[in-house]
Amino acid sequence: MKRNDDDKNGNGGQDGNGGDDFEHGVAVKNRAKTKKPSMYKVLMLNDDYTPMEFVIHVLEQYFSKNHKEATRIMLHVHQKGVGVCGIFTYEVAETKVNQTMDLAQQHQHPLQCTIEKD
Ligand code: TYC
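How each quantity is defined
Residues numbered from 1 in each chain as written. Predicted model: local features only at pLDDT ≥ 70, side-chain atom pairs only at ≥ 80, totals over all residues. Heavy atoms only, no water. Near = heavy atom within 4 Å. Polar contact = N/O pair within 3.5 Å; in protein donor to acceptor, adjacent residues only side chain to side chain. Areas by Shrake-Rupley, 256 points an atom, 1.4 Å probe, with all protein chains shown as cover. Helix = DSSP H or I, 4+ residues; strand = E, 2+ residues; numbered from the N terminus. Nonpolar A, V, L, I, M, F, W, Y, C, P; charged D, E, K, R; others polar.

S.K.: Give me the lowdown on the site of the ligand, citing residues and values where you can.
M.R.: In the vicinity of the ligand, the contacting residues are Met44, Leu45, Asn46, Asp47, Thr50, Met52, Val55, Met74, Val77, His78 and Leu111. The backbone of aspartate 47 places a nitrogen or oxygen atom 2.7 Å from a nitrogen atom of the ligand. Histidine 78 is positioned with one of its side-chain polar atoms (N or O) 2.9 Å from a nitrogen atom of the ligand. Contact with the protein chains covers 89% of the free accessible surface of the ligand, which is 340 Å². Of all the secondary structure elements, the ones that give two or more residues to the shell around the ligand are β1 (40-45), α1 (52-63) and α2 (67-80). Ranked by the residues each element gives to the shell around the ligand, the list is headed by α2, at 3 residues. Of the residues contributing to the shell around the ligand, the split by class is 7 nonpolar, 3 polar and 1 charged.

Quick look at the structure:
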């Protein structure tokens, strides 16, 4: 959000001090550091053997999709060969890929997913 550079406390002048905007306290530097983290796509790959219902279950369980959205993504992957499950920071993306691959392996399905920089 943009704000006036003179408003060093970032409160938009809404201090409720009567409107004089004279304040005592610690001077703070106007916004420094804080970089947005790089984001990563989790891609799901099609194969001929993993059951459609299993892929839908994974998308619901690990990618927080509702049933309709999970079905849409699964069908997209089934038809196009690859699709995006979601976009996350690296560690979150890695965790979701590991959860997906672990469950697939437990059920002996060849389902694959990968991480790609956004
Ligand atoms: N192609 C699979 C089938 O016909 C379904 C499937 C969809 C598999 C998406 C993997 O990522 C996938 N049973």
